[in-house]
Amino acid sequence: RDLRSWFGNPANYVFITLFVGLSCAVMMWSGAFFTNNLANLDTLNGWFPILAALFVSAATMGMWASERSHGTQELLFTLPATDLELQLGKFLAYVAIYTVSLAFTLILPLALVFLGNPDWGQLFANYVGYWLLGTSLVAVTTIGTQLTASTTISLLISLVLCAVYLGSGWLLDWLGFPGWRVHGPYGQFLEFARGMVPVSGLVMFLGM
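Since the model is a prediction, treat every value here as computed from it, not as a measurement.

Colleague: Which parts of the structure should I look at to understand the nonpolar core?
Modeller: Within soluble globular proteins, side chains that are nonpolar generally end up buried alongside one another. Counting residues in each nonpolar core, the largest one holds 44 residues, and the members touching the most others are Leu41, Leu44, Phe48 and Tyr130. Taken together, the elements giving at least two residues each to this core come down to α2 (10–29), α5 (48–60), α8 (83–104), α9 (107–115), α10 (120–146), α11 (151–166), α14 (185–193) and α15 (199–207). Looking at which element gives the most residues to this core, the answer is α10, with nine residues.

Here it is in structure tokens:
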């Protein structure tokens, strides 16, 4: 139901268009993309966590908030399903939405083919990192949309939670726990950005 509702709303395609457009812009807008003379996604990798946080927060802001505002949450809980099944169903629906949206950015690796000779192993690792990071952000923003009936407030809360999640490495480093800066979300994402698929990164993101 959530999938049909989300893709049935033309306004949501604006989010996908902006996500893909901004991804293209940040990759090629920087002069480093041309001065590096390398057919890779390095210039996008630096901005992608921010883009993913913005897109996922906007995409999921109505996950539970809209149920409350429309008065359908009580009806939903009367269905013959457990709370875990309902939560998992919504989570997987928005993971699917993010996955479809991310698939539209595959035009970027295709564009690199015309500009040079890209390393497909590195690009594969990059996209594994993109997907794992975005999926973990869906889990984070689920908290934000459960706290309010307003989609606007849900968006703001989700953005704050995403900022804390992505910046937790620097925060814990400042508090005297430097290890999380390397093994936390942003540090592990950088490993995927370098073309690696570390087991620690898989465990960390899937655990989140």
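Colleague: Quick question: what am I supposed to make of the side chain of Thr141 here?
Modeller: If you trace the backbone, Thr141 turns up in helix α10. Here Val138 takes part through its backbone oxygen, which lies 3.0 Å from a polar atom of the side chain of Thr141. Residues contacting Thr141, with those up to four places away along its chain left out, are Val56, Ser57, Thr60, Ser158 and Cys162.

Colleague: Could you clarify how one ought to interpret the pattern of salt bridges in this entry?
Modeller: Tallying each qualifying case throughout the model produces three salt bridges. Put simply, Asp2 and Lys90 hold a salt bridge, and the shortest N to O gap is 2.7 Å. Taken together, the positions of Asp2 in helix α1 (residues 2–7) and Lys90 in helix α8 put the pair 88 residues apart, joining distant regions of the chain. For Lys90, a relative accessible area of 5% gives the class buried. For Glu191, the salt bridge identified is with Arg194, shortest N-O distance 2.1 Å. The exposed category is assigned to Arg194, whose relative accessible area is 51%.

Colleague: Would you explain α5 in this entry?
Modeller: For α5, which comprises 13 residues, the first-to-last C-alpha distance of 18 Å matches the rise-based estimate of 18 Å (1.5 Å per residue) to within 8%. Those residues of α5 that sit buried are Phe48, Pro49, Leu51, Ala52, Ala53, Phe55, Val56, Ser57, Ala58, Ala59 and Thr60.

Calculation notes
- Residues numbered from 1 in each chain as written.
- Predicted model: local features only at pLDDT ≥ 70, side-chain atom pairs only at ≥ 80, totals over all residues.
- Heavy atoms only, no water.
- Core = buried A, V, L, I, M, F, W, Y, C linked by side-chain atoms within 4.5 Å.
- Buried < 20%, exposed > 50% of the residue type's maximum accessible area, 1.4 Å probe, protein only.
- Helix = DSSP H or I, 4+ residues; strand = E, 2+ residues; numbered from the N terminus.
- Polar contact = N/O pair within 3.5 Å; in protein donor to acceptor, adjacent residues only side chain to side chain.
- Contact = heavy atoms within 4.5 Å.
- Salt bridge = Lys/Arg side-chain N within 4 Å of Asp/Glu carboxyl O.
- Expected span 1.5 Å × (residues − 1).

None of the figures reported here should be taken as evidence of function without further support.
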